[in-house]
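Now for the letters of each chain:
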Amino acid sequence: MERTNSKIPFVGLHAHSVAGSVFDGFGYPQDHMDFAYENGMEALALTDHGNMNGMSYQVLHAKKMKAEGKNFKPIFGVEAYFVPCLEEWKEEYEKIKKDKKEAKKVIQDTDKVETEDENASKSKSKSKINSYRHLVLIAMNQTGLNNIFKLVSDSHQGDNFYRKPRIDYKLLKKYGEGIIASSACLGGVYAKDYWNNREDGREAVLEAMRETTRKMQDALGDRWYGELQWNNVPEQHELNEYVIDMHKEFDLELISTADSHYPNPDAWKDRELYKRLGWLGSKLPEWATTQLPLSVEELGMELYPKNGDQMWETYKKYSDLLGFKYDDDLVYDSIVKTHFIAHDRVEDFMPDDTVRLPGFVVPEGASAAETLIKESIGGLRKINLDNNKEYVDRLKHELTVINERGFAKYFLTMKAISDTANRHMLAGPGRGSAAGSLVAYVLGITQVDPIKYGLLFSRFLRSDATDYPDIDYDVSDAFGLKEILAKEWGDTTVVPISNFNTLQLRSLIKDISKLYDIPFSEVNSVTSKMVREATPKAKAKHGIKAGVYAPTFEEVMEFSDSLKNFLDKYPEIKTHVEALVGQVRSTSRHAGGVVIGEDLDKHMPLICSRGVVQTPWSEGMNVRHLEPLGFIKFDLLGLSTLEMIQSAVGHILRRKHGVDNPTFADIKEYYDKTLHPDVIDLNDQKVYKNIFHKGKFAGVFQFTNTGAQRLSMKSKPTDIIDISAITSIY
């Protein structure tokens, strides 16, 4: 496909994606970037609402584009929520909380979905506690990016967060270095002055905007820009005229923006439907109660990543349509100015991806490699194997691989986690390939001697490995361990990892059908059996004859006859489903993953979800966004089996050993003396006959699968090697 050639230079400095503007922006950052490139653009900013959740997609896709020979510059930013003074806002919040009726409204408000309505009046009818203004922030360089990280992190912390994360002039002035800002949309900082004072006349609006301009220029100097937008909303053009007045009075430079919300001109209808899905189950706002528009003209705005020529055409079209007269040269300059900012004021840089692990695990004056060697030798000496040549040689080999790969601090961090856990709760003996590491064993991270059981270190970590190790660490109380670590090390040092839930096929078909008034019974008859219909054919396609298989969205669409017939009957549903499946629905937390590193709020833009501060990016089966940006995931997993063992040992101590109120130290001592893998009798045939031969599998880890149970009763294992074989098969 040949790229569009735009005569007028322009870069979009205000843009939203589904990654960070849920139920408002549509399409992932890479979709926007690809279209912008094909549309003749050389750069694009991403400025999602109050967060930078999409930045990881932005960074990784920019690297991919560069590898493909595409010269495209990612620009990092955020559209922050702003109030003039957080202290005054908090005072108002406290007053409202004291009023029982108002406090009840506040509590109810916190769970409401909110999507932006570009046409809605942002008048002063909104209560002070719900009040905020939009403010676009762009990073000029790494310093500016780190400052935006800090602003976003602080806005999500404590009292700064109520429905929305907020910053104010004080924070902006404190962390303003390296940041360019603009006045945003009809919900922006100048727009708030306009809505709050328009009834009092032109001079009242101007005076409020003068005060805003003075404060912004005090905080940012010549890095404060007035923002013009072009659409079919009369109030937008009235606002444009006021912003131009600020340009004339204060020599304020102007930019024009597309405020893009979807990745191409054809995606407007899918975005409108996506916005409505965000309100299902809530009281619908007026705009969401109407039928979907038949054309983009009904919306009065085109919110895709435009090039310079399209920006000029949009300006001429809507200003003529509404009868507003502008200085063409001034508007032209505001369009071209974005290109100057993007390429002359914003440096060509990628975020610092230095690996960030805690420094406190390494003693002052020592290196991580030296410390790991010392701790490992000490651990080997502790178990009296420091004179055993096989163990010494294996330890030397593992330490060489680990230190050559630069992973020493990771193991020291895991040791610190393990040491903390072992003071408070039972930890698992070792899960997966990590049990093949002698270093992990002598550090106390695992409890299984890899040499004794013939476990290979190379299965865990190869000498040519580039990815960090991944040790799954089991404990009886994962939530409790995370709380302890956060309390001891700091809640900006130990941060839970986010998961981003997406729209799935079954629920999406139901929700879209509801908006199109298709009978529920008809929809349910399809969604209840479509996966069941598709699974056998999908398995056959891949040559899978046994086991569980979950067909992909495309396979269900291909192999379910019921679904195909339904979509043939309602083709509009198919069009929307194909566009919307996989779009972000909500934010949750990873089951066990945390990132550990000092001052993370300065190195990533932390977010708040349901009262918990967590990472803006995810790491798991579907996405891998943390490690490429320098943040290492630690999996701390809660295992109910360990919780039961811990409880059972407590009962044994009370009933058999006369310990009335056993402490965890008592439980740990008993475990180490009788149940630790190094001391337990793994050849006790009574256990094999009573449990594994007779089928008494209740609560036995990895024997909940009926296949494993049947094989065990049939093969009658007599040692741990037999057990390992069975669990390997299932």
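The structure we're discussing is the one just above.
The rules behind these values
Residues numbered from 1 in each chain as written. Predicted model: local features only at pLDDT ≥ 70, side-chain atom pairs only at ≥ 80, totals over all residues. Heavy atoms only, no water. Salt bridge = Lys/Arg side-chain N within 4 Å of Asp/Glu carboxyl O. Helix = DSSP H or I, 4+ residues; strand = E, 2+ residues; numbered from the N terminus. Buried < 20%, exposed > 50% of the residue type's maximum accessible area, 1.4 Å probe, protein only. Pairing = 2+ DSSP bridges. Axes fitted to C-alpha atoms, helices over the stretch in contact; angles between N-to-C directions. Contact = heavy atoms within 4.5 Å. 1 Å grid on protein atoms, 1.4 Å probe; cavity = no way out; pocket = protein on both sides within 12 Å on 5 of 7 lines; lining within 4 Å. Points joined across faces, edges and corners; volume = space filled by probe spheres on them. Nonpolar A, V, L, I, M, F, W, Y, C, P; charged D, E, K, R; others polar.

> Got a minute to help me understand the pattern of salt bridges in this structure?
Any two side chains of opposite charge can pair, on the condition that their charged atoms come close. Applying the stated rule across the entire model yields 43 salt bridges. With a shortest N-O distance of 3.2 Å, Asp 467 and Arg 624 are connected by a salt bridge. You can see Asp 467 sitting in the loop between helix H16 (438-442) and strand S9 (472-475) and its partner Arg 624 sitting in the loop between strand S13 (612-614) and strand S14 (633-638), a full 157 residues away along the chain. Its relative accessible area of 44% is what places Asp 467 among the partly exposed residues. We classify Arg 624 as partly exposed; its relative accessible area is 37%. A salt bridge links Asp 561 to Lys 537, with the shortest nitrogen-to-oxygen separation between them at 3.8 Å. Taken together, the residues Asp 561 in helix H22 (residues 561-569) and Lys 537 in helix H20 (residues 530-541) connect sequence positions 24 residues apart. Owing to a relative accessible area of 40%, Asp 561 belongs among the partly exposed residues under this scheme. Given the relative accessible area of 40%, Lys 537 is considered partly exposed.

> Before we go on, may I ask you to explain the sheet that holds strand S10 (residues 494-502) in this structure?
Backbone-to-backbone hydrogen bonds join strands into a sheet, with any given pair of strands oriented parallel or antiparallel. Spatially, the 4 strands line up as an open sheet ordered S9-S14-S11-S10, and their pairing is mixed. At either end of the open sheet lies a strand with only one pairing partner, and these are S9 and S10. Across the sheet, the mean angle separating the axes of adjacent strands is 50° when strand polarity is ignored. Direction of pairing for strand S11 (residues 584-596) relative to S14: antiparallel, over a ladder of 3 bridges. Bridged to Val 595 within S14 is Lys 633. Packed onto the sheet, helix H15 (residues 408-422) meets S9, S11 and S14 and runs at close to 5° relative to S9.

> Help me out: how do you make sense of empty space enclosed by the protein in this one?
Empty space among the atoms becomes apparent when a probe as large as a water molecule is rolled across them. In the structure shown here, the tally under the stated rule is 7 cavities of 30 Å³ or more. Roughly 50 Å³ of internal volume is contained in the second largest cavity. Gly 50, Val 78, Ala 80, Tyr 81, Leu 137, Leu 151, Val 152, Ser 155, Pro 165 and Ile 167 together form the lining of the second largest cavity. Within the lining of the second largest cavity, the residues separate by chemical class into 8 nonpolar, 2 polar and no charged.

> How should the sheet that holds strand S1 (residues 43-46) be read in this particular structure?
Spatially, 6 strands are ordered S1-S2-S3-S6-S7-S8 in an open sheet, and the strand pairing comes out mixed. Of all the strands in the sheet, just S1 and strand S8 (254-256) have a single pairing partner and so form its edges. The average angle at which neighbouring strand axes cross in this sheet is 35°, direction not considered. Direction of pairing for strand S6 (residues 179-182) relative to strand S7 (residues 224-228): parallel, over a ladder of 2 bridges. Bridging from a neighbouring strand, Ser 182 pairs with Tyr 225 of S7. Sheet strands touched by helix H7 (residues 189-197): strand S2 (73-82), strand S3 (133-139) and S7. Its angle to S3, the strand with the most contacts, is close to 165°.

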